[in-house]
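Chains, contacts and geometry: an overview
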Amino acid sequence: MILETFKSITIDLKKQLMSSDILLSDCVLDQNIKKSFIFNDSTFFPFYYYLGKYTKAENLLVLGVESGFTTSCFLKSNKVKKAVCFQESNDEFYSVRGCYSNIAKQQPNAKIFCGNLLDEEILKEITSQKWDCILFNLDLNYDKLRNYLDIAWNNLVLDGVMVIESELSSHTNRATQDFLKVVQRDYLVFDTRYKAIVVTK
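Residues numbered from 1 in each chain as written. Predicted model: local features only at pLDDT ≥ 70, side-chain atom pairs only at ≥ 80, totals over all residues. Heavy atoms only, no water.

**Re empty space enclosed by the protein**
Quick note on the threshold: Only protein atoms enter the 1 Å grid used here, on which a cavity is any set of points holding a 1.4 Å probe that cannot leave and a pocket is any open set flanked by protein within 12 Å on both sides along at least five of seven lines; residues with an atom within 4 Å of a point are listed as lining. Grid points are joined across faces, edges and corners, and a volume is the space filled by probe spheres set on the points. Elements are defined by DSSP. Helices are runs of H or I of four residues or more, strands are runs of E of two residues or more, and each kind is numbered from the N terminus. Ten residues, namely Ala, Val, Leu, Ile, Met, Phe, Trp, Tyr, Cys and Pro, are considered nonpolar, four, namely Asp, Glu, Lys and Arg, are considered charged, and the remaining ones, Gly among them, are considered polar.
For the structure on display, the rule yields two cavities of 30 Å³ or more. Within this model, the second largest cavity holds a volume of roughly 30 Å³. The wall of the second largest cavity is formed by Phe 136, Leu 138, Leu 145, Leu 149, Ile 164, Glu 165, Thr 172, Ala 175 and Thr 176. Of all elements in the fold, only helix 8 (142–154), strand 5 (156–165) and helix 9 (170–183) reach the threshold of two or more residues within the lining of the second largest cavity. In terms of residues, the lining of the second largest cavity owes the most to one element, helix 9, which gives three residues. A per-class count over the lining of the second largest cavity returns six nonpolar, two polar and one charged.

**Describing helix 6 (residues 96–103)**
Where we set the bar: Burial status follows relative accessibility: with a 1.4 Å probe on protein chains alone, a residue under 20% of its type maximum counts as buried, one over 50% as exposed, and anything between as partly exposed. Of all possible arcs, the one meant is that of the directions from the helix axis to the C-beta atoms.
Listed in full, the buried residues belonging to helix 6 are Cys 99, Asn 102 and Ile 103. The buried residues of helix 6 occupy an angular sector of 95° when the element is viewed end-on, so they sit on one face.

**A word on the pattern of salt bridges**
Convention followed: Counted as salt bridges are all cases of a side-chain nitrogen of Lys or Arg within 4 Å of a carboxyl oxygen of Asp or Glu.
Scanning the model with the defined rule gives 10 salt bridges in all. Its salt-bridge partner being Lys 81, residue Glu 58 comes within 3.9 Å of it at the nearest N-O pair. Highlighted residues: Glu 58 in the loop between helix 4 (44–54) and strand 1 (59–63) and Lys 81 in the loop between helix 5 (69–77) and strand 2 (82–88), separated in sequence by 23 residues. Between Lys 111 and Glu 125 there is a salt bridge, with its nearest N and O atoms 3.5 Å apart. With Lys 111 in strand 3 (residues 111–115) and Glu 125 in helix 7 (residues 120–126), this residue pair connects regions lying 14 residues apart in the sequence.

Right under this line is the structure:
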C-alpha cells in the first residue's frame, strides 16, 4: 500500500495542478506568508493535500499544527471523523483561535491543544485511542523529539501512516533517523522542502 501511495502522490505533485493559493484560499493569510518560501514551493502544501487523498483514515492526530495550513490541506481531501491537533508552545502570543479558524471549515469538531505534550489533559487525549494517521511537524530538542516520536508511534494503529518533517533542523534529522532505526520499518522520503518521511506501522 505504501508504495502505491508514494507512486500516486509523486505523479500528482509533478502535474502541479494544486497550488498554495488554491489550497489555502479559505485560510487566514498575511502578506508575509504569501512571500515565504514554503508558500511558493510547488510541493510543500500540495503534498499534504495528496497525502490526504491517498491515505485511508477516519481519524487524524497532528503534532505540530502551527497555523493549521498543512492540516487544512490534508482535510480538504480526507474528511476524517475526528481530528486532534497539538502545538508545543509556551508563547502567550500563539493563537489557538487563529489555528482553529484555518481548520474549522474542513473539520469543525477538531480539538486543538497548546502547551506541553506531557501535560495530563493533552497526553490523555492523545493516548485515548489509536490513530490512523499522524502528522509530526515539531522542531524541539533531540530528547523531546525522540520521546514524542515514541509516543506517537505507540498510539498509531497497525498499518497506520505517520508523516515526519525530517529536516526542520539538525535535531529533527538526527531524532528521525534514530527513531527509524529503532522501529525498523520500511519508509519513503518525499523530495519536499523538509524531506517528508512516510512510514507505516
